[in-house]
Amino acid sequence: MSVPIFLLWLVSIPLIVHAAVSPPPLGFLLSCGASTETAQGSLKYMPDEGFVSVGNKSTISQSGILPILSTLRYFPDTSARKYCYTFPVIKGGKFLVRTTYYYGGFDGGKEPPVFDQIVDGTKWSTVNTKEDYANGLSSYYEIIVTAQVKTLSVCLARNEHTGTSSPFISAIELQSLEDSVYNSTDFGKYGLATVARNSFGYDGDTISFPDDQFNRFWQPFTDNNPVVACKSNATPSDFWSIPPSKALSTALTTSRGKTLTIKWPLFALPEGNYYVALYFQDNRSPSPYSWRVFSVTMNGKDFYNDINVTTNGVTVYTAQWLLSGQTEIVLTPKSDSPVGPVINAGEILQIFPLGRRTLTREMVSPICSILFAVWISYLAVIALEELARRFDNPPSDWYGDPCLPKENSWTGVMCSYQGRYARVTSLNLTSVGIMGELSDTLDNLTALKSLFLGGNKLSGSIPKMGSLKALEILHLEGNQLEGPIPESLGQLPQLREVVSPGNTLLQAATHLPEVVER
């Protein structure tokens, strides 16, 4: 079993359909591998074409499963370093990203493959759905992030445990969240990965849309504690996190004067920092006497003292709480509280440090005081994206972040990594069959030391490269380039090798290095 750097819990969902009658949440709902729109209740999942340009479609012939699990997209190309979906988004927007997996034996095997998933250049988790699939369940993973630029990428990648099968995916959802939701987290540096989200005392189907306007999943949770039903509905908008009232409609409780102990979640947590939110509502009918006061501890440490819970409901949360192993929550009533403690729902999300970034134009404000080296880093991404657009058939993994994660950089791209940012230092696309023209934005690859483009079918002229002061080696041989060799090549101080036979170049720059082949 592959152990990710940060353990993110996959959550199982039964293979059943839930009805929905409200308008769909804002964002994107993709049924991967589907050829037409897929209906699931009132939710409409669109085909994933247009968001991904690689991979093959497959159909799962199995009755009784959710419509979005009946198709998938898989990625058999073993030469690609990653396979990416790219979504147009609003810069600074907050999104819940959910990926759903159901193997269904699409490749003729008996056990699903193991692989990695990546969000905006950060390895998010290792996808291992073997146990769930053996129990007839699908699996999903969630993370909450903000868009640093005007696109957001979700990628899959092979790892040492993938074997001969192929990474696959059944559905991807990007749900837009309001600013108030989970606003205690610095999303410029961190994401929040869902560990547990439960409705206590509830034993029905998973609560989601339309009860939750953001289509968050609230799983049922019961234990040996007494269960009570609330006689009034909480108003979601009264809570900054906007929980569905149905998630608070039941609660765990105990008798007057007794402590309430809950071990939740049921599995042990790896040591780390977590966002924790607990929801409370008095279950009785609204009246001046419908209140209770108690204190909350978590693993023996004070979480909140003397919380006064009424029928309106209240949330207690911490932006960062260190947890490890089995988590125990104890609610201790105040001596004059008329009834025992009560707890209705809870959320635990792991605080997930985001990795480095390859800067893009939208991430950098021109009024910021930043190092010049950082300012020009974003231009490299613009240059590579423009190259990909100008090539008729760029490498299949030229989507998502060019440099990150390091082991999943674009084919032919090598980068240097300083602090939180990456810069492109080498580009080698020798004999990969690319066609098209070179972009003027090549001149933005200012950290580039070597450029190998020989043995392809590139046409047009050689663009100016006067800003590539670090360039040492340039190979353009075996293409269909024509026109003059730009004078700017002769002004590059580090350039020591230019190879360009097989093209129709009219003249050479006046100060090309001595070691030259044409």
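Everything below is about the structure shown above.
Keep in mind the model is a prediction, meaning the values are calculated, not measured.

Novice: Sorry, what's going on with the overall build of the protein here?
Specialist: Within the protein, the secondary structure is distributed over two helices and 36 strands. Taken across its 518 residues, the protein has 55% of its residues classed as buried. Of the contacts made within the protein by residues no fewer than 6 positions apart, 68% connect residues no fewer than 24 positions apart. In the structure as shown, the protein presents an accessible area of about 21700 Å², 50% of it carried by carbon and sulfur atoms.

Novice: Where do I start with the environment of Leu29 in this structure?
Specialist: Within the fold, Leu29 resides in strand 2 (residues 27-31). Through-space distance from the C-alpha of Leu29 to that of Tyr45 is 4.8 Å; in sequence the pair is 16 residues apart. In contact with Leu29, not counting residues within four places along its chain, are Leu43, Lys44, Tyr45, Met46, Ile172, Glu173 and Gln175.

Novice: I'm lost on the nonpolar core in this one. Help?
Specialist: Among soluble globular proteins, nonpolar side chains are generally buried collectively. Ranked by size, the top nonpolar core spans 47 residues in total, and within it Tyr85, Phe87, Leu152 and Leu174 carry the most contacts. When residues of this core are sorted by domain, at least three fall in each of domain 1 (27-177) and domain 2 (193-353). In contact with Phe87, not counting residues within four places along its chain, are Phe28, Leu30, Phe51, Lys150, Thr151, Leu152, Val154, Ile172 and Leu174. Formed by 36 residues, the second largest nonpolar core is a distinct cluster that contains Leu438, Leu445, Leu471 and Leu476.

Novice: In this structure, what is going on with the state of the cysteines? I would like to understand it.
Specialist: Note on terminology: a disulfide is the covalent bond linking the sulfur atoms of two cysteines. As enumerated under the stated definition, the model contains two disulfides in all. In this model Cys84 forms its disulfide with Cys155; the gap between the sulfur atoms is 2.1 Å. Judged by the torsion about the S-S bond (105°), the Cys84/Cys155 disulfide is right-handed. Here Cys84, found in strand 7 (residues 83-88), pairs with Cys155, found in strand 12 (residues 151-157); they are 71 residues apart in sequence, far enough to count as distant. Assessed through its relative accessible area of 4%, Cys84 is described here as buried. Across the disulfide from Cys403 sits Cys415; the S-S distance is 2.1 Å. Its S-S torsion of approximately -75° makes the covalent link between Cys403 and Cys415 left-handed.

The rules we used
Position numbers for residues count from 1 along each chain, tracking the sequence in the order it is written. This being a predicted model, a pLDDT of at least 70 is required before a residue's local features are given, and a value of 80 or more before pairs of side-chain atoms are given or counted; all residues contribute to the totals for chains, interfaces and linings. Calculation of side-chain values draws on the structure's entire complement of heavy atoms; hydrogens and water are dropped beforehand. Think of it this way: any DSSP run of H or I at least four residues long counts as a helix, any run of E at least two long counts as a strand, and we number them from the N terminus. Think of it in three bands: residues with accessible area under 20% of the maximum for their type are buried, residues over 50% are exposed, and the middle band is partly exposed, with areas taken using a 1.4 Å probe on protein chains only. Contacts were defined at the residue level, with two residues in contact if any of their heavy atoms lie within 4.5 Å. Residue exposure ignores everything except the shown protein chains as possible cover, and the areas themselves are Shrake-Rupley values with a 1.4 Å probe. Here the nonpolar core consists of buried residues drawn from Ala, Val, Leu, Ile, Met, Phe, Trp, Tyr and Cys, with membership extended through side-chain atoms lying within 4.5 Å. Residue ranges labeled as domains rest on an automatic or database domain assignment. Note that a disulfide, as used here, is simply two cysteine sulfur atoms within 2.5 Å.

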